[in-house]
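# Descriptive structure summary
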Amino acid sequence: MKQSFSRLFGFNDKNDDAEINANEEVKQIPIKDIVPNRFQPRTLFDEERISELAQTIRTHGVIQPIVVRIRDEKYEIIAGERRFRAVSSLEWETIPAIIKEFNDSQTASIALIENLQREGLTAIEEAIAYAKLIEIHQLTQESLAQRLGKGQSTIANKLRLLSLPQAVQDAILNRKISERHARALIVLKDDEAAQEMILEEIIVHQLNVKQTEERVQLYLYPESEEEEPKKKKATKKSYPKDMRIAMNTIRQSVDMVMKSGLKVDTDEEDTEDFYQFTIRIPKK
């Protein structure tokens with residue numbers, strides 16, 4: 001069973017819990033008086049999925065009220081921004097909501113955790129959420145990992161992404177490269193220009209993770225190019241047109257799945273007899 005926010009992050013009592021209790025009053029509040037959460041970690045919202053949610057709400061109504069707090073004579077969203085956006089697109093005047101009393105620390109924590117428990121965040125959005133939780137609650141990476149039920153290495157690997165140049169972070173955010181591509185660039189931590197140069201190569205030439213790692217190593221140790229010229233030539237192969245079409249179709253299909261919010265881990269390997277795609281889809 002999922003632990004409540006109060007147990008995870010030490011909120012004082014049941015009145016500080018983000019969970020909605022059956023006896024809490026649901027009010028219809030004006031859409032025009034609602035403002036987004038300032039601590040929302042999700043920076044990109046899939047408009048297609050918002051539209052799908054809007055159609056469901058149009059048919060069945062808002063099943064679960066959003067949660068808000070009163071701030072500066074407005075209702076600031078604590079949980080439920082996707083529902084708010086969907087209802088706004090329908091041009092409805094009100095939305096069902098429960099009003100809570102939270103301070104900034106609690107509001108930020110709830111917004112961050114609610115999104116971390118959902119699918120679809122990019123690795124950068126996750127990293128930003130972890131960093132903010134650590135700052136708000138003065139946690140170590142280990143203690144945060146324990147509270148979220150994740151491995152410390154998972155937290156550490158995500159946080160390392162925040163050391164990358166903004167251009168690389170934006171590429172992850174816009175799903176132009178994968179987290180594994182980005183991790184390969186971390187090795188060049190003292191050379192931002194090189195990171196951005198190789199980033200452009202990844203996008204333009206659609207390099208897979210292995211090719212990216214090889215490109216980074218070649219940049220770090222250019223002498224290896226002279227020592228192993230045959231090996232370098234072997235990496236530059238021309239493929240038949242039908243094979244190129246098939247490869248690009250697979251990559252585009254995986255990209256479409258990732259844009260839908262599902263976290264997919266992919267790898268590509270060029271062997272002597274065949275070109276291999278490995279696609280890992282998590283069960284949880």
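For the structure, check the block above.
We now turn to the structure provided with this report. (Residues numbered from 1 in each chain as written. Predicted model: local features only at pLDDT ≥ 70, side-chain atom pairs only at ≥ 80, totals over all residues. Heavy atoms only, no water.)

A tally of helices and strands in the chain yields 14 helices and seven strands. Taken over 284 residues, the chain has a buried fraction of 40%. Taking as baseline every contact in the chain between residues at least 6 positions apart, the subset at least 24 positions apart corresponds to 68%. When the accessible surface of the chain is totalled, it reaches about 17,200 Å², and 48% of it is carbon and sulfur. (Helix = DSSP H or I, 4+ residues; strand = E, 2+ residues; numbered from the N terminus. Buried < 20%, exposed > 50% of the residue type's maximum accessible area, 1.4 Å probe, protein only. Contact = heavy atoms within 4.5 Å. Areas by Shrake-Rupley, 256 points an atom, 1.4 Å probe, with all protein chains shown as cover.)

Time to look at the sheet that holds strand β3 (residues 66–71). The strand order across the open sheet formed by five strands is β1-β5-β3-β4-β2, and the pairing between neighbours is mixed. Only two strands of the sheet have a single partner each, and these edge strands are β1 (27–30) and β2 (34–35). As paired elements, β1 and strand β5 (residues 94–99) share four bridges and run antiparallel to each other. Bridge assignment links I29 to a residue of β5, and that residue is I95. Running over the sheet, helix α4 (residues 104–116) touches β3 and β4 (74–79) and is turned about 45° from β4. (Pairing = 2+ DSSP bridges. Axes fitted to C-alpha atoms, helices over the stretch in contact; angles between N-to-C directions.)

It is the contact of helix α2 (residues 47–60) with helix α3 (residues 81–89), at a shortest axis distance of 8 Å, that shows an interaxial angle of 70°. The orientation of α2 with respect to α3, classified from their angle, is roughly perpendicular. On α3, the residues touching R49, I50, L53, A54 and I57 of α2 are R82, R83, R85, A86, V87 and S89. Taken together, the residues that form the contact of α2 with α3 break down as six nonpolar, one polar and four charged. (Parallel < 35°, antiparallel > 145°, perpendicular 65-115°, else oblique. Nonpolar A, V, L, I, M, F, W, Y, C, P; charged D, E, K, R; others polar.)

Further remarks concern the side chain of T122. Assignment of secondary structure puts T122 in the loop between α4 and α5 (123–137). By relative accessible area, which is 5% here, T122 ends up buried. With residues near it in sequence (within four places) discarded, T122 still touches I172, L173 and R175.

At E73, a position not held by glycine, the phi torsion is positive, near 60°. Mapping E73 onto the fold places it in the loop between β3 and β4. Look at E73 and you get exposed, because its relative accessible area is 77%. Residues other than glycine seldom take positive phi values, yet Q138 does so here, at roughly 55°.

Another point: a negative patch on the surface. The grouping of D46, E47, E48 and E52 at the surface amounts to a negative patch. Position of E48 relative to the elements: it lies in helix α2. (Patch = residues over 30% accessible without salt bridge, like charges linked within 9 Å, V, L, I, M, F, W, Y side chains within 5 Å. Salt bridge = Lys/Arg side-chain N within 4 Å of Asp/Glu carboxyl O. Lys, Arg positive; Asp, Glu negative; His and termini not counted. Charge placed at Lys NZ, Arg CZ, Asp CG, Glu CD.)

With the rule as written, the count across this model stands at nine salt bridges. Residue E81 is joined to R85 by a salt bridge in which the shortest nitrogen-to-oxygen separation is 3.2 Å. With E81 and R85 both in helix α3 and four residues apart, this pair spans about one turn of that helix. Between R183 and E179 there is a salt bridge whose closest N-O contact spans 3.1 Å. Of this pair, R183 and E179 both sit in helix α9 (residues 179–186), separated by four residues, roughly a single helical turn. Residues joined in a network through salt bridges with shared partners are K32, D33 and K74.

This part takes up the pairing of β4. Relative to β4, β2 runs parallel, the two sharing two bridges. The residue bridging I34 from the neighbouring strand is Y75, located in β4. Alignment of β3 against β4, held across five bridges, turns out to be antiparallel. Across the sheet, residue V67 finds its bridge partner in β4, namely A79. Joining the antiparallel neighbours β3 and β4 is a turn of two residues, in which D72 adopts a positive phi near 55°.

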